[in-house]
Amino acid sequence: MNLRSISRFRVPHLPSSFVRTSGLSGFRISLGLRAELGLRGEQGLPVALELPGTLRSLAVRALRMGDSKVRVPGRGVSEAGIAEAVKRSRAVHHSGPSQLSDLSWVRIAAVLMLALLTSLSPVFAQFDGQDSFPGDRLKDLAPPDFAIGGVMGGYDTPSFDLPTLEFAKAEFNAVTAKAFMPFGPWDDPNQPIDTSGLTRNVSWAASNGVRVHAHVLVYPTENVRLPWFAGLPNEDVEATLAQYVSTMATSTAGNVWVWDVVNEIIGDNGDAMDADGLRIGLGSGDGFVPYKEYAAMGPDYISKAFQWAKAADPNAILIVNEYSVETINDKSDRLFAYCKKLRDAGVPIDGVGFQNHWLDVRYEPDYPSIRANFQRFADEGFQIFITEADIASTITSNPDQEPPTTAQLQQQASVFRELLQIALDQPACKSFLMWDFTDETSWLQDTDFTLTLADRRPGFQDTIIPPGTSMFATPMSGGLNNPIEPKLAYLEMQAALVDKTPDLYRLSSGWDNATSYLARFGSPDENGNFIPADEVYLERLDDTSADWSSLMWQLEKVDTGVYRLRNAWSDDSDYLTRQGFESDGGQLLPGFVLGMQGLDESWSSQLWYFDPNGDGGFRLLNGWSPGDGVLTREAAGQNASGDYVPGPEVRVYPAADWSSQVWYFRRVAP
């Protein structure tokens, strides 16, 4: 289906009388969906519907059922499938007190379809680029502490008007910016390190409210291909690496969210490795090429790289990035042990990047093993990042004549959804980042290299993929010569985000994170038991307070980027509310004090607008006069040096460039 040339019909929101009589008042409105119904409009063009509200996710569920009459690109859906999807979805989407019978839900499905078909008003338009994408954007559906995005492209971005970057700006809340030493920054040792490509890309991201995952400071596999670096005397290697790491990380200090400090350091079976499983070079026998970093410094190059990066950009999250370690296997065992060794030695390692290149189309990933693997890293306190996801749908040398089949696109979509679901279910997982995110720009389309697919299943052999191969490994088609269009994988990613169970969060201010967790006061009743009070304050998170529900908050989404904050220590006054005061003329004006009050959907004082800070944090602007209503940690005075020290009180103030006004959301494990 070519969405760039169709007759477009927009379905208005259903009238309130229909909502009342159909029993749909308990539905949450979430997404829209365009679906092709085998109808023909004026000029013989196919009709596209935009399904309002919850029908978006219902239809995505129905994609698995039937093959007639109603369909979206890549999948068929029958009317019976829609009805069955509605029935299955009631537990998720019906928030009212009434319980409808199965027959009622089937009738509602039929009425909805009839209402849609009889309330169409034609609006003719040409679709181009992202106009063909249904529903809300991925970034608007993602939890506040969760990054979703993809790689920007090369180091020296020729233009920021590229279709892929326009798409990324609209769709994502994070991007990966490249910083490979051999490819742009330092190909000539007689010239200064060129940081301009990285700084330009990071500036673009910051100006668009997009956080940056930067890749990479030390990459031995690529550095060995740089002739001048490979020829360095061993005694010069440490100073050279220190110069590169410090220069690059300093150039964007404060504006990079996550740095890949080292990349692909753990050996595969058959590689030359040391006792910790660190790869010490490429190849074997006469063809062995040693890593310059390891030959000159031994394993210390890794710990020192983390230390240099920490000194250059103290606020960035620092991780090791690795491939083929997603499941529990011999390689991930080596990575797990080595990360703990680094941490126990005082190395400032914050987490692990799991690349997630799933290119073997013969089988799907071992999802339970991925979950268990992520959990063991989380249990050790490491943050988890999916950093380079791509999922092959096919392997072909003739992409024009042999595009992916429907079954292959279905399997690809299933893998994208399952991996995203695993990330969403794991509180320690902070991102789902793709490498290339459109087929035509993918490194796996019309390849110019030989690729070995390592098969870790007992009794199976590795697969060699020759140059000239295409895999259609992203959720979007187009991107270069054709407009960017959603594949089924994109719709399944949307559905995973829509269907996500609401999380509980802890909120901490950027000013002294350990002592700045937003909490609800308690007061003793006549029996000495603590009950929820109306005030809020900032509490230290420790072994005692970790289980307090007063430090946990549920985000109730009102609109894109707009939430109510509901405390988990519940009574009838659960919502964080800006308090007002009465002026001399008797007018109620917004004040600077916060309190807990019962829900009133008409109050803007209970609405909080989330303004991304670019580093994973947000400024929270109150809906009642946002200009002077930014959630702020107050100072407790000044110390002997005249510096302000953080206090336990929280109010709202006008916006300022203060860390006390930036808040970070930490998902709480269920």
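Right above here is the structure, for reference.
Read on for an overview of the structure. Here the structure is a predicted model, which is why all the values come from computation and not from measurement. (Residues numbered from 1 in each chain as written. Predicted model: local features only at pLDDT ≥ 70, side-chain atom pairs only at ≥ 80, totals over all residues. Heavy atoms only, no water.)

## Remarks on the overall build of the chain
Okay, step 1: Summing up its helical and strand segments, the chain has 16 helices and 33 strands in all.
Okay, step 2: In the chain, which comprises 670 residues, the proportion classed as buried is 53%.
Okay, step 3: Long-range contacts, defined as pairs at least 24 residues apart, comprise 70% of the intrachain contacts of the chain with a sequence gap of at least 6.
Okay, step 4: In the form shown here, the chain has an accessible surface area of approximately 28,100 Å², with 50% of it arising from carbon and sulfur atoms. (Helix = DSSP H or I, 4+ residues; strand = E, 2+ residues; numbered from the N terminus. Buried < 20%, exposed > 50% of the residue type's maximum accessible area, 1.4 Å probe, protein only. Contact = heavy atoms within 4.5 Å. Areas by Shrake-Rupley, 256 points an atom, 1.4 Å probe, with all protein chains shown as cover.)

## Quick word on the packing of aromatic side chains
Okay, step 1: Inspection of every chain in the model, using the stated rule, returns 25 aromatic pairs.
Okay, step 2: Measuring from centroid to centroid gives 5.9 Å for Y505 and F665, while their planes differ by 85°, and the two rings are edge-to-face. Taken as a pair, Y505 in strand β22 (residues 504-509) and F665 in strand β33 (residues 663-667) lie far apart in primary sequence, 160 residues in all. No difference in accessibility class separates Y505 from F665, as the two residues are buried. (Phe/Tyr/Trp six-rings, centres within 6.5 Å; stacked < 30°, edge-to-face > 60°.)

## Quick word on helix α7 (residues 196-207)
Okay, step 1: Between its terminal C-alpha atoms α7 stretches 16 Å, which fits the 16 Å expected from twelve residues at 1.5 Å a residue.
Okay, step 2: Among the residues making up α7, those that are buried are G197, L198, N201, V202, W204 and A205. For α7, the angular spread of buried residues about the axis comes to 155°, placing them on one side.
Okay, step 3: The secondary structure elements touched by the buried residues of α7 are α6 (163-171), β8 (174-178), β9 (211-218), α10 (234-251) and β10 (258-263).
Okay, step 4: Following α7 by one or two positions, G209 adopts a phi angle in the positive range, close to 65°. (Expected span 1.5 Å × (residues − 1). Arc of directions from axis to C-beta.)

## A few points about helix α16 (residues 488-498)
Okay, step 1: Counting buried positions along α16 gives eleven out of eleven residues, so the element sits mostly inside the fold.
Okay, step 2: Taken together, the buried positions of α16 are occupied by L488, A489, Y490, L491, E492, M493, Q494, A495, A496, L497 and V498.

## So, the environment of A407
Okay, step 1: For A407, the position within the fold is in helix α15 (residues 406-425).
Okay, step 2: On the basis of relative accessibility, which here comes to 52%, the residue A407 falls in the exposed class.
Okay, step 3: Residues A407 and S393 lie 14 residues apart in sequence; the distance between their C-alpha atoms is 9.1 Å.

## A closer look at unusual backbone geometry
Okay, step 1: The step from H215 to V216 runs through a cis peptide bond, and the omega angle for that step is 15°.
Okay, step 2: Turning to its location among the elements, V216 is positioned in strand β9.
Okay, step 3: For E264, which is not a glycine, the phi torsion comes out positive at approximately 55°.
Okay, step 4: Inspection of the secondary structure assignment puts E264 in the loop between β10 and β11 (281-282).
Okay, step 5: Although it is not a glycine, S324 adopts a positive phi angle of roughly 60°.
Okay, step 6: With a relative accessible area of 25%, S324 lands in the partly exposed category.

## Details of the side chain of R334
Okay, step 1: Looking at where R334 falls in the secondary structure, it is placed in helix α13 (residues 330-344).
Okay, step 2: From its side chain, R334 meets the backbone oxygen of G267 in a polar contact 2.6 Å long.
Okay, step 3: Apart from the residues within four sequence positions on either side, R334 is in contact with I266, G267, D268, N269, M273, D276 and G277. (Polar contact = N/O pair within 3.5 Å; in protein donor to acceptor, adjacent residues only side chain to side chain.)

## Here we look at the packing of helix α14 (residues 367-379) against α15
Okay, step 1: α15 packs onto α14 with a crossing angle of 25° between their chain directions and a minimal axis gap of 10 Å. Between α14 and α15, the interaxial angle falls into the category roughly parallel. For the pair α14 and α15, the crossing hand works out as right-handed. Residues Y367, I370, R371 and F374 of α14 touch α15, and the partners they reach there are S414, V415, E418, L419, Q421, I422 and D425. (Axes fitted to C-alpha atoms, helices over the stretch in contact; angles between N-to-C directions. Parallel < 35°, antiparallel > 145°, perpendicular 65-115°, else oblique. Left-handed = near helix turned anticlockwise from the far one by under 90°.)

## As for the nonpolar core
Okay, step 1: Counting residues in hydrophobic clusters, the biggest one holds 102 residues, and the most contacted among them are W259, F306 and F432.
Okay, step 2: Not counting residues within four places of it along the chain, the set of residues in contact with F306 comprises V261, V262, L318, I319, V320, L342, V347, P348 and I349.
Okay, step 3: Listed in part, the 21 residues of the second largest apolar core include L518, Y563, L594 and W608. (Core = buried A, V, L, I, M, F, W, Y, C linked by side-chain atoms within 4.5 Å.)

## Section: the pattern of salt bridges
Okay, step 1: Here the structure, examined in full by the defined rule, presents 27 salt bridges.
Okay, step 2: For the salt bridge of R651 with E634, the shortest nitrogen-to-oxygen distance reads 3.5 Å. Residue R651 is located in strand β32 (residues 644-653), and its partner E634 is located in strand β31 (residues 630-638); the two are separated by 17 residues in the primary sequence.
Okay, step 3: Here R651 falls in the partly exposed class, since its relative accessible area comes to 32%. (Salt bridge = Lys/Arg side-chain N within 4 Å of Asp/Glu carboxyl O.)

## Section: the pairing of β22
Okay, step 1: By the criterion of burial, β22 is predominantly enclosed, with five of the six residues buried.
Okay, step 2: As judged from the five bridges shared by β22 and β33, these two strands associate in the antiparallel manner. The residue of β33 that forms the bridge with S508 is Y664. (Pairing = 2+ DSSP bridges.)

## Side note on the environment of R334
Okay, step 1: The class of R334 is buried, set by a relative accessible area of 17%.
Okay, step 2: The spatial distance from the C-alpha of R334 to the C-alpha of D268 is 9.9 Å, given a sequence separation of 66 residues.

## Describing the side chain of D390
Okay, step 1: Relative to the elements of secondary structure, D390 occurs in strand β16 (residues 383-391).
Okay, step 2: One buried charged residue, D390, forms no salt bridge at all, with the nearest opposite charge on K178 at 10 Å.
Okay, step 3: At 2.7 Å, the side chain of D390 and the side chain of H357 are in polar contact.
Okay, step 4: Excluding residues within four positions of it along the chain, D390 makes contact with N356, H357, W358, L359, W435, W443, L444 and A473. (Lys, Arg positive; Asp, Glu negative; His and termini not counted.)

## A closer look at the pairing of strand β27 (residues 575-582)
Along a regular strand, successive side chains alternate from one face of the sheet to the other.
Okay, step 1: Both β27 and strand β28 (residues 588-597) contribute to a ladder of seven bridges, which runs antiparallel. Opposite E582, over in β28, you have L588 as the bridge partner.
Okay, step 2: The loop that links β27 with its antiparallel partner β28 comprises five residues; one of these, G586, has a positive phi angle of about 85°.

## Considerations on the packing of α10 against helix α12 (residues 300-312)
Okay, step 1: Viewed as axis vectors pointing N to C, α10 and α12 meet at an angle of 35°, and their least axial separation amounts to 8 Å. Helix-helix and strand crossings are classified by hand; for α10 and α12 the assignment is right-handed. Together, E238, L241, A242, V245, S246, A249 and T250 of α10 and Y301, K304, A305, W308, A309 and A312 of α12 make up the contact between the two elements.
Okay, step 2: Split into classes, the residues belonging to the contact of α10 with α12 amount to nine nonpolar, two polar and two charged. (Nonpolar A, V, L, I, M, F, W, Y, C, P; charged D, E, K, R; others polar.)

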